[in-house]
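Each chain, written out:
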Amino acid sequence: MAAPLELSCWGGGWGLPSVHSESLVVMAYAKFSGAPLKVNVIDNTWRGSRGDVPVLTSEDNIVSQPAKILNFLRKQKYNADYELSAKQGADTLAYIALLEEKLLPAMLHTFWVESDNYFSVTKPWFASQIPFPLSLILPGRMSKGALNRILLTRGEPPLYHLREVEAQIYRDAKECLNLLSNRLGTSQFFFGDTPSTLDAYVFGFLAPLYKVPFPKVQLQEHLKQLSNLCRFCDDILNSYFRLSLEGISPAGQETVDANLQKLTQLVNKESNLIEKMDDNLRQSPQLPPRKLPTLKLTPADEESNSLQRLSP
Amino acid sequence: MSLVAEAFVSQIAAAEPWPENATLYQQLKGEQILLSDNAASLAVQAFLQMCNLPVKVVCRANAEYMSPSGKVPFIHVGNQVVSELGPIVQFVKAKGHSLSDGLDEVQKAEMKAYMELVNNMLLTAELYLQWCDEATVGEITHARYGSPYPWPLNHILAYQKQWEVKRKMKAIGWGNKTLDQVLEDVDQCCQALSQRLGTQPYFFNKQPTELDALVFGHLYTILTTQLTNDELSEKVKNYSNLLAFCRRIEQHYFEDRGKGSSSISLP
C-alpha cells in the first residue's frame, strides 16, 4: 500500500486539475478514496494518441483504462464504495453506462467535432501541451477518433451523416443531464454524504463541460441551468482539489462545512481568477502575499497562512 | 429523423388506435437470425405483449434492409414503420399505452440507466461473441447470416457485416478485449441486474416495464441459444433470481396467450 502510485494524464486549466474527462475521473476517485497519487502531466504523447491516457504506474504494474485503474485501486484497498449497499453498487454501474451512452457522444462533439469549439479552444490547448511536431498531428487525430466514435455508435449504416445524428445526440445528452439532476436532488453526493465511484465519474464528465469556456455552448448552457449539478461540481473542486493546490493532502475530508459552502457560492464567479492566481503563487513563491488577494476559507479550515482575506 | 418530423409522426400516431393487423418483421427464425437480433426482437415482442397489443411476427430474409434504421426488429403499424425498442416505446406511448407512467422521476431515471446498462454491456458482449470470436464466427455466424442468399453473396454480406461490427468495437474500446474479459463484463452486468431485481417479481415491483421486456429478451435468448460453448449462458445461470424472472415472464406472457413463439422451455 505504500508503493508509489504515479498517474500520467493530461494537465489542467480553467480551474480544473485536468481537462481530460477520464483523467479527471481517476484523480477524483483517488482523492475520494484517499489513495496517494503522484500526478505526472504528460508531454510525450505517443501514448496519448493511442488513447491510453490516463495511465497508472505502480512498481511493475501498468494499468490503462479508467475502469481498470479504479479496479486496481480497489484491490490495493483504496475503496470509496464499501459503504454502499449491493443495490447502490448496481445503480452505479447502470448510471455509468447511462453517462457513456448518452452524455459522452455530445461531449465528444462539443470538444472535438464542433468546428468553432475545436479550432478556438480544444486544439490550441492540446497543441500547447504537446511538443512540436506532434502538436500538428495529434489533435487532428484525436478529433477524427471522436468523430468516428460518434458516427459508428449513433449513425445509421450505410450512410454516415453527422447532421442527422447531431440533433439526436444533443437531445440525449440534455435528457441525461436532466436525469442526473433528478437523481441527485438536494443531497450532497449521489449516495448520501460520502462520495463514491459514481460521484467520481459524474464529476469527471461534467466538470470540463462546466468550466471550459466555449464559443458554441448549448450543452453548457443547459448544464448551467441545472443548479444542483453545478453546485456538485463546485463542491468537489473546492473541497478536494483546492486544498491540494495549497499543498495539503485532504486525507479524506468528507463533509463540506456549511460556512464554506455559503462562501463558495458567493464567490463562484471569481473562482477561475482565483485558481489562476493560485497557480502563479505556487510557481513563484517569492511574490509577497499581499499582492495576491485570494479567497480565505473560514478560519477553522484554513491552515496555510499564504492566503489572505478577499478584499471586497 | 429531425425533431420536426418526429413530432409530426407522433401526432399522426396519436390519431389512430392500434390496428389488428400490426406486424413485426425479423429475420428468418430457423436459419438466419443471430443471437443479438433475436434478443432485440424478443424484447419488442415481450413489450407489446405486456401492453396487451396484438402483433403478428413475420420472418423475412431481408428484414435488416427493410428497416428504416438498418436494425431489426421493426413494426409496421397502419402506415408507419418504426424500428428498435426505444422508438417503438415512444410510438406506443403516443398511442396512449405506456408501462412506465406510474414511475416517479427518480425511478424513470433508474429505468433508463439500467436499459443503457443492458445495451452497453449485454448487447455489445453478444455482438462481440458473434462477430469477433473466431470460433463462433466460423462455425455459426457466417453460415447463418448469409444462408438465404446464393454464393458468393452470402460470403460477401457476412464479411461486410463482420467488418462493420469490428470497426464499431474498435471505436468504443472493445477491440482489444479478450473473450474472458467480455465474459467478466457480462457477469458484472448480470450481477448488477440480479442485485437490482432482488426478490421482487419485476424490476419496479408489481408492474412490468420496458426494462423487464428488454432484460427478458436478452437473458432468455442467451439461455436458450446454442453456441459453440456454453460459457455465456453459464454466467447468467449463476443468478437464480434472473432465471426465475425469465420463467415468470415466459409463463405469464407467452404461454398463457397461446403464442408458440417461445415454445422451448427453459432448462
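Residues numbered from 1 in each chain as written. Chains lettered and ligands numbered in written order. Predicted model: local features only at pLDDT ≥ 70, side-chain atom pairs only at ≥ 80, totals over all residues. Heavy atoms only, no water.

Some thoughts on the overall build of chain B
Along its length, chain B carries 11 helices and 4 strands. By its C-alpha atoms, chain B is 50 × 45 × 40 Å across when sized along the principal axes. Restricting the contact set of chain B to residue pairs at least 6 apart, pairs at least 24 apart contribute 74%. Put simply, chain B shows about 12200 Å² of open surface, and 52% of that area lies on carbon and sulfur atoms. Within chain B, one finds 23 positive and 29 negative side-chain charges whose respective centroids are separated by 3 Å. (Helix = DSSP H or I, 4+ residues; strand = E, 2+ residues; numbered from the N terminus. Contact = heavy atoms within 4.5 Å. Areas by Shrake-Rupley, 256 points an atom, 1.4 Å probe, with all protein chains shown as cover. Lys, Arg positive; Asp, Glu negative; His and termini not counted. Charge placed at Lys NZ, Arg CZ, Asp CG, Glu CD.)

Digging into the side chain of Thr124(B)
Residue and element names in this part refer to chain B. Within the fold, Thr 124 resides in helix H5 (residues 105-131). In terms of polar contacts, Thr 124 uses its side chain to reach the backbone carbonyl oxygen of Asn 119, at 3.3 Å. One polar contact links the side chain of Thr 124 to the main-chain carbonyl oxygen of Asn 120, over a distance of 2.4 Å. Each residue touching Thr 124, except ones within four places of it in the same chain, is listed here: Asn 119, Met 169, Ile 172 and Trp 174. (Polar contact = N/O pair within 3.5 Å; in protein donor to acceptor, adjacent residues only side chain to side chain.)

With respect to a nonpolar patch on the surface
Residues and elements named next belong to chain A. Side chains of Phe 132, Leu 136 and Ile 137 sit close together on the surface and give an oily, nonpolar patch of about 360 Å² of accessible area. Positionally, Leu 136 belongs in helix H6 (residues 134-154). For Leu 136, a relative accessible area of 61% gives the class exposed. (Patch = residues over 30% accessible without salt bridge, like charges linked within 9 Å, V, L, I, M, F, W, Y side chains within 5 Å. Salt bridge = Lys/Arg side-chain N within 4 Å of Asp/Glu carboxyl O. Buried < 20%, exposed > 50% of the residue type's maximum accessible area, 1.4 Å probe, protein only.)

Brief notes about the interface of chain A and chain B
In this assembly, 27 residues from chain A lie in contact with 25 residues from chain B. Both faces considered, chain A and chain B share a buried interface measuring about 2500 Å² in area, 59% of it formed by carbon and sulfur atoms. Per-residue buried area on chain A facing chain B is highest for Leu93(A), Leu152(A) and Arg171(A); these three make up 19% of the total on that side. Scanning the region where chain A abuts chain B turns up 3 salt bridges. For the salt bridge of Glu116(B) with Lys102(A), the shortest nitrogen-to-oxygen distance reads 3.7 Å. The tally of links from chain A across to chain B stands at 4 residue pairs in polar contact (both at pLDDT 80 or more). Only helix H4 (86-113), H6 and helix H7 (162-184) of chain A provide two or more residues apiece to the side of chain A that touches chain B. (Buried area = accessible area lost by both parts, 1.4 Å probe.)

As for the environment of Ala127(A)
All names here are of chain A. Structurally, Ala 127 is set in helix H5 (residues 115-129). When its relative accessible area of 25% is taken as the criterion, Ala 127 is described as partly exposed. Excluding residues within four positions of it along the chain, Ala 127 makes contact with Ser 135 and Pro 139.

Focus on the sheet that holds strand S4 (residues 61-63) of chain A
Residues and elements named next belong to chain A. What the 4 strands build is an open sheet, ordered S2-S1-S3-S4; its pairing is mixed. Looking along the sheet, the strands with just one partner apiece sit at the ends: strand S2 (37-41) and S4. The average undirected angle you get between the axes of adjacent strands in this sheet is 20 degrees. With 4 bridges joining them, strand S1 (residues 5-9) and strand S3 (residues 55-58) adopt antiparallel strand pairing. Residue Ser 8 lies in a different strand from S3, and its bridge partner there is Val 55. Across the sheet, helix H1 (residues 21-33) touches S1 and S2, and the angle it forms with S1 is around 155 degrees. (Pairing = 2+ DSSP bridges. Axes fitted to C-alpha atoms, helices over the stretch in contact; angles between N-to-C directions.)

Some points on the nonpolar core
Counting residues in hydrophobic clusters, the biggest one holds 165 residues, and the most contacted among them are Phe203(A) and Ile75(B). Looking at this core, the element that brings in the most residues is H4(A), giving 15 residues. Here Ile75(B) is in contact with Trp18(B), Thr23(B), Leu24(B), Val44(B), Leu48(B), Gln80(B), Val81(B), Val82(B), Ile88(B) and Phe91(B), once residues within four sequence places are set aside. Among the nonpolar cores identified, the runner-up in size contains 5 residues, and Val58(B), Ala63(B), Val72(B) and Phe74(B) belong to it. (Core = buried A, V, L, I, M, F, W, Y, C linked by side-chain atoms within 4.5 Å.)

Brief notes about the confidence of the model for chain B
Low pLDDT marks regions whose predicted coordinates should not be analysed in detail. Residues and elements named next belong to chain B. Scored by pLDDT, chain B comes out at a mean of 84, with 91% of its residues at no less than 70. When pLDDT is averaged over each helix and strand of chain B, the minimum, 68, is found for helix H1 (residues 3-15) and the maximum, 91, for helix H9 (residues 210-224). Below pLDDT 50 for its whole length, residues 259-267 participates in 22 contacts with residues either more than four positions away or in separate chains. Among the scores for the predicted complex, ipTM is 0.84 and pTM is 0.78. (pLDDT = per-residue confidence, 0-100.)

Things to note about the UniProt feature "domain: Metaxin glutathione S-transferase" (unreviewed entry) in chain B
When the UniProt feature table is mapped onto this chain, "domain: Metaxin glutathione S-transferase" (unreviewed entry) is found at residues 187-249 of chain B. Strand forms 0% of residues 187-249 of chain B and helix 68%; the C-alpha atoms that close the span are 22 Å apart. (UniProt positions renumbered as here; feature names shortened; annotations may be inferred.)

Description of the pattern of salt bridges
Residues and elements named next belong to chain B. Scanning the entire structure with this criterion turns up 12 salt bridges over all chains. A salt bridge links Lys 166 to Glu 134, with the shortest nitrogen-to-oxygen separation between them at 3.7 Å. Highlighted residues: Lys 166 in helix H7 (residues 153-171) and Glu 134 in helix H6 (residues 134-145), separated in sequence by 32 residues. Lys 166 sits in the partly exposed class, given a relative accessible area of 34%. Given the relative accessible area of 51%, Glu 134 is considered exposed.

Side note on H7(A)
Residue and element names in this part refer to chain A. Compared with the 33 Å implied by 1.5 Å per residue over 23 residues, the 32 Å span of H7 between its first and last C-alpha is a close match. The complete set of buried residues in H7 reads Val 165, Ile 169, Tyr 170, Asp 172, Ala 173, Cys 176, Leu 177, Leu 179, Leu 180, Ser 181, Arg 183 and Leu 184. Downstream of H7 by a residue or two, Gly 185 has a phi angle that is positive, lying close to 60 degrees. (Expected span 1.5 Å × (residues − 1).)

Things to note about helix H2 (residues 35-50) of chain B
Residues and elements named next belong to chain B. When the terminal C-alpha atoms of H2 are compared, their 22 Å separation across 16 residues agrees well with the 22 Å that a helix rising 1.5 Å per residue should span. With respect to burial, H2 is a largely interior element, 14 of its 16 residues being buried. Once H2 finishes, Asn 52 follows within two positions and takes phi at roughly 65 degrees, a positive value.

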